[in-house]
Every structure is written in C-alpha cells, then in structure tokens.
Amino acid sequence: MSAESLRRALTARTGIPVRAVGAVNALAATAAAGAGFDALWVSSLEVSAAAGLADANVLGVRDLCDVVLAVGRTAHLPVVVDVDNAGGFAESARRCAFDLARAGAAALCLEDSAYPKCNSFSTHRAQGLADVGVVADQLREMRRASDELVLIARTEALIAGAPFSHALERATYYAVHGADAVLIHSRDASGHEALRTAREWNSPVPLVTVPTAFAHLGWQELGLAGFAMCIYANQLSRAALAGMRAAAAELAGTGSPGTVPLATVGELLAIGDPYARV
C-alpha cells in the first residue's frame, strides 16, 4: 500500500479501519506482515527504547530513517512514522518530512507537544503544548517537502489535562490547516474519551486512534465508532521484552529455554536472507 493507497483507505469509510502496528526492526515488520496488518508504525518510544534512549526528543531523523529502511526491506506495507513534534519548529519539520519521504515513509504523525516532549504515559513530567500556529507552520512545511506523504496531526491536549473541548478545537484547527487525518490522544482506560471523540467529530478529515490505554476496545468496535485507523503502537516490543526476559531467566537458570517458545534458527536467518538454509 503506497502513500496514495493509504490515503484512499483512510477516507473509504467502510467501518473497517486501517490496522497499523509498531515495528522497530525487520523482525517485528516480518511478524506484522505475516499476521495481516495493513501498515507499520515506527514509534519514537520503541526506537528510543531499542537504542537505550529516553523518549524525549533525543532521537534524530537519521535514527528514524534507518528504521524505515530496515522494516521496508522485509515488509511491503506502508510505514507511518511517529515524528513527535518534529523538532519543534517549521524548518526542522520540513527536513524531517523530506528525509523520511525519501527513506520510504508513507505517512508522518506530528504531535503538538511542546519541545522537548515527554512520553504520553510518563508521570515524572507534565506534557506541555505547542502553539497551534507553530503546528500549522510545521504542517505547511512538511507538505512543501513532500506532496505524497499522508500527514497525521496528533493533539496531546487531553494528555496535558486540557478540557475535551480544547482538544477538539485543536484537532479541528489542524484539519483546516493541512492535516490529512487527526488523532486526539487519550490515556483514559475506560475508552470513553476515544468514543466521545468519534461521536463529536464532524469534519470529513478521518480520525486515527491509539488504543494503548483502552485495549479492551477492539479494532472492529473502534472502526464502527468512526475511526479510520487503529495504531497498536508498542505491543510487539513489549511482547518481545517479556519473551526475552522469560528466555533469559530460563537459560541463565538451567541452560535450556524450557517451555519458552523460540523461533528456529532458520526462521531468524530467513528475515534477512529468504534463501538461507540450515
């Protein structure tokens, strides 16, 4: 699915959302493609964690480009890149869009967090919000850098503790100023905020959701509610970390993986060389 086909899928209004999943490397991308996902999500949290860095505007665009290139080698799926606040100003956003488009990204997700950002689930520091005019300038420059990229504007207003009405106003502003889709991020575990977003959104610009906090709502229910894309942002990395810890504990304790499921050596070789034989 190219950027253009992704754009068409987002506006199809079939009630079946585009399903994207976080892929931090070619292994995760291969698993995602094999499971039938529609798109890949290159998450700043996953890429930061994989590099041993804080999810706080520490990553550079080259770090993200490397991941886009890696996942594109093994999975022929559109890649949506989480660019955080794209450096916090218009020119940094333009450079980000230019480089990532040429690396093979189909879409970028720009959030309105103030620079430097913090992760939406962090409790040690409050999320600040950028001026909406700055975000609009960034969207304009990203569009100048690439006509093809799908631009998703994400507001962190609810994360920052702003009223729902303010989050809706910000999302509407971004929709008017060049966003191809909008995302009102929520960590409300009940899912009520997300469903309210779908009920009260009256713009033709499609809605995206990240159901990390409200995992009990499946993509079918979210699609019927009105969301055009569901992003499972970090579940594969969390599963991988849990699996590695379990395998490490078994190997350290007994020298055998025990009942921990392992892929074969051949499956691992085939990620980079489908013709390899063991």
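In what follows, the accompanying structure is described. Quick caveat: nothing in here was measured; it's all calculated off a predicted structure.

## What about the overall build of the chain?
Reasoning step 1: Each helix and strand in the chain was counted, giving 11 helices and 8 strands.
Reasoning step 2: Principal-axis analysis of the C-alpha atoms places the extent of the chain at approximately 55 × 40 × 40 Å.
Reasoning step 3: The buried share of the chain, reckoned over its 278 residues, is 48%.
Reasoning step 4: Taking all contacts inside the chain whose residues are at least 6 apart in sequence as the whole, residues at least 24 apart take part in 69%.
Reasoning step 5: Accessible surface for the chain amounts to roughly 13,000 Å². Of this, 57% is attributable to carbon and sulfur atoms.
Reasoning step 6: Both charge centroids of the chain, one from 22 positive and one from 27 negative side chains, sit 2 Å from each other.

## Remarks on the packing of aromatic side chains
Aromatic ring pairs are reported here in terms of the distance separating the ring centres and the angle at which the planes meet.
Reasoning step 1: Counted by the stated rule, this structure contains 2 aromatic pairs.
Reasoning step 2: Summarising the aromatic geometry, the rings of Phe37 and Tyr232 are spaced 6.4 Å apart at their centres and angled 65° between planes, so their arrangement reads as edge-to-face. Here Phe37, found in the loop between helix H2 (26–35) and strand E2 (39–42), pairs with Tyr232, found in strand E8 (residues 227–232); they are 195 residues apart in sequence, far enough to count as distant.
Reasoning step 3: A cation over an aromatic ring shows up here: Arg19 above the ring of Trp219, its NZ or CZ 5.0 Å from the ring centre.
Reasoning step 4: Just above the ring of Phe98 sits the side chain of Arg102; from NZ or CZ to the centre is 3.6 Å.

## Digging into the side chain of Thr197
Reasoning step 1: Inspection of the secondary structure puts Thr197 in helix H8 (residues 192–200).
Reasoning step 2: Not counting residues within four places of it along the chain, the set of residues in contact with Thr197 comprises Phe164, Ile184 and Leu207.

## Remarks on the environment of Val176
Reasoning step 1: Secondary-structure assignment places Val176 in helix H7 (residues 164–176).
Reasoning step 2: Judged by relative accessible area, which is 63%, Val176 ranks as exposed.

## A look at the pairing of strand E3 (residues 79–82)
Reasoning step 1: Side chains Val79 and Val81 of E3 all project onto a buried face; the interleaved residues Val80 and Asp82 project onto the opposite face, where all are buried too.
Reasoning step 2: Both E2 and E3 contribute to a ladder of 3 bridges, which runs parallel. The residue of E3 that forms the bridge with Leu40 is Val79.
Reasoning step 3: Since E3 and strand E4 (residues 107–111) lie parallel, the crossover through helix H5 (residues 90–103) that links them has a hand, and here it is right-handed.

## Remarks on the nonpolar core
Reasoning step 1: Core analysis: the largest hydrophobic core is formed by 62 residues, its most contacted members being Leu40, Val81, Val83, Leu100 and Leu108.
Reasoning step 2: Excluding its chain neighbours within four sequence positions, the residues that come into contact with Val81 are Val42, Leu64, Val68, Leu100, Ala105, Ala107, Leu108 and Cys109.
Reasoning step 3: In this structure, Ala20, Ala107, Ile152 and Ala233 belong to the second largest nonpolar core, which totals 21 residues.

## With respect to the pairing of E8
Reasoning step 1: The element E8 is largely enclosed, with a buried count of 6 among its 6 residues.
Reasoning step 2: By the bridge criterion, 3 bridges tie strand E7 (residues 207–209) to E8 in an arrangement that is parallel. Residue Val208 lies in a different strand from E8, and its bridge partner there is Met229.
Reasoning step 3: For the crossover that starts at E7, traverses helix H9 (residues 219–225) and ends in the parallel E8, the hand is right-handed.

## Quick word on the packing of helix H6 (residues 132–145) against H7
Reasoning step 1: Close contact between H6 and H7 brings their axes to 10 Å; oriented N to C, the two are set at 30°. Considered as vectors, H6 and H7 are oriented roughly parallel to each other. The hand of the H6/H7 crossing is right-handed. Facing H6, whose interface residues are Val132, Gly133, Val135, Ala136 and Leu139, H7 presents Arg170, Tyr173 and Tyr174.
Reasoning step 2: By residue class, the composition of the contact of H6 with H7 is 6 nonpolar, 1 polar and 1 charged.

What counts and what doesn't
- Residues numbered from 1 in each chain as written.
- Predicted model: local features only at pLDDT ≥ 70, side-chain atom pairs only at ≥ 80, totals over all residues.
- Heavy atoms only, no water.
- Helix = DSSP H or I, 4+ residues; strand = E, 2+ residues; numbered from the N terminus.
- Buried < 20%, exposed > 50% of the residue type's maximum accessible area, 1.4 Å probe, protein only.
- Contact = heavy atoms within 4.5 Å.
- Areas by Shrake-Rupley, 256 points an atom, 1.4 Å probe, with all protein chains shown as cover.
- Lys, Arg positive; Asp, Glu negative; His and termini not counted.
- Charge placed at Lys NZ, Arg CZ, Asp CG, Glu CD.
- Phe/Tyr/Trp six-rings, centres within 6.5 Å; stacked < 30°, edge-to-face > 60°.
- Lys NZ or Arg CZ within 6 Å of the ring centre and 35° of its normal.
- Pairing = 2+ DSSP bridges.
- Right-handed = clockwise from strand over helix to strand, strands pointing away.
- Core = buried A, V, L, I, M, F, W, Y, C linked by side-chain atoms within 4.5 Å.
- Axes fitted to C-alpha atoms, helices over the stretch in contact; angles between N-to-C directions.
- Parallel < 35°, antiparallel > 145°, perpendicular 65-115°, else oblique.
- Left-handed = near helix turned anticlockwise from the far one by under 90°.
- Nonpolar A, V, L, I, M, F, W, Y, C, P; charged D, E, K, R; others polar.

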